[in-house]
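Residues per chain are reported as follows:
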Amino acid sequence: MTAAASPAVPARAARRRSLLTGGMLGVGVMAAVDVVVFHLLLGWHHFYDRSTPAVGLLSDGLLQTGYLVLLVAGAFRLADARRAGTLARRSAVAGFVTGLGAFQLFDGVVDHKLLRVHQVRYGVDLLPYDLVWNGAALLLLLAGLGLVVATRGEGRGTG
């Protein structure tokens, strides 16, 4: 079915779908960066550090599985929206940046501080690491939300 033959999708629904698709990809990319950089390359922590190293590796594998599912699903949704001509590009970017910040802030606040499943790093003063981790997350999240607001009229001739 071509884009011309596809059923009409209201601009609001296309924007919402684009935001969600971008968000899925943003969360997946930030999780991938976290796993590759902090878990694998630097070896600072595993997703779950409150058990044996084998359990830590298993938890990293489960996190990798989760972010790969998000990335693949997001890529298919993105391709489908492009094919159908319903992709609201600026809204997808807004969702992507929001997803980056949301994952990072959730990880920094919930995983690191509330649940204490792991810390950014061990054997060091955590305050500078927490400030940088959560500060970067907050900046990304605020930038993403600013883009969401800035693109709210996309597809309706006003954005």
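The structure this text deals with has already been given above.
Rules of the game
Residues numbered from 1 in each chain as written. Predicted model: local features only at pLDDT ≥ 70, side-chain atom pairs only at ≥ 80, totals over all residues. Heavy atoms only, no water. Core = buried A, V, L, I, M, F, W, Y, C linked by side-chain atoms within 4.5 Å. Buried < 20%, exposed > 50% of the residue type's maximum accessible area, 1.4 Å probe, protein only. Helix = DSSP H or I, 4+ residues; strand = E, 2+ residues; numbered from the N terminus. Contact = heavy atoms within 4.5 Å. Expected span 1.5 Å × (residues − 1). Phe/Tyr/Trp six-rings, centres within 6.5 Å; stacked < 30°, edge-to-face > 60°.

Colleague: How would you summarise the nonpolar core if you had to cite specific residues and measurements?
Modeller: Counting residues in hydrophobic clusters, the biggest one holds eight residues: M30, A31, A32, V35, L63, Y67, L100 and F103. Those elements that place two or more of their residues in this core are α1 (11–41), α2 (53–84) and α3 (89–114). Residue contacts for L100: discarding those within four places in its chain leaves G26, V27, V29, M30 and L140.

Colleague: A description of α2 should follow, citing residues and the corresponding values.
Modeller: Over its 32 residues, α2 extends 46 Å from the first C-alpha to the last, a length consistent with the 46 Å expected when each residue adds 1.5 Å. Turning to α2, its buried residues are G56, S59, D60, L63, Y67, G74, A81 and A84. Those residues of α2 that are buried lie in contact with α1. The positive-phi residue at the C-terminal boundary of α2 is G85, with phi of around 75°.

Colleague: Which residues make up the packing of aromatic side chains, and what values do they have?
Modeller: A complete count under the given rule lists three aromatic pairs for this structure. The interplanar angle of 45° and the centroid separation of 5.6 Å between the aromatic rings of F38 and W44 together place this pair among those described as tilted. Overall, the relative accessible area of 17% leaves F38 in the buried class. Ring plane angle 90° and centroid distance 5.5 Å describe the contact between W44 and Y129, whose orientation is recorded as edge-to-face. Here Y129 lies in helix α4 (residues 126–150) and W44 lies in the loop between α1 and α2, a separation of 85 residues in the sequence. Taking the relative accessible area as the measure of exposure, Y129 reaches 24% and is therefore partly exposed. Within the aromatic cluster, the residues linked to one another by ring pairs are F38, W44, Y129 and W133.

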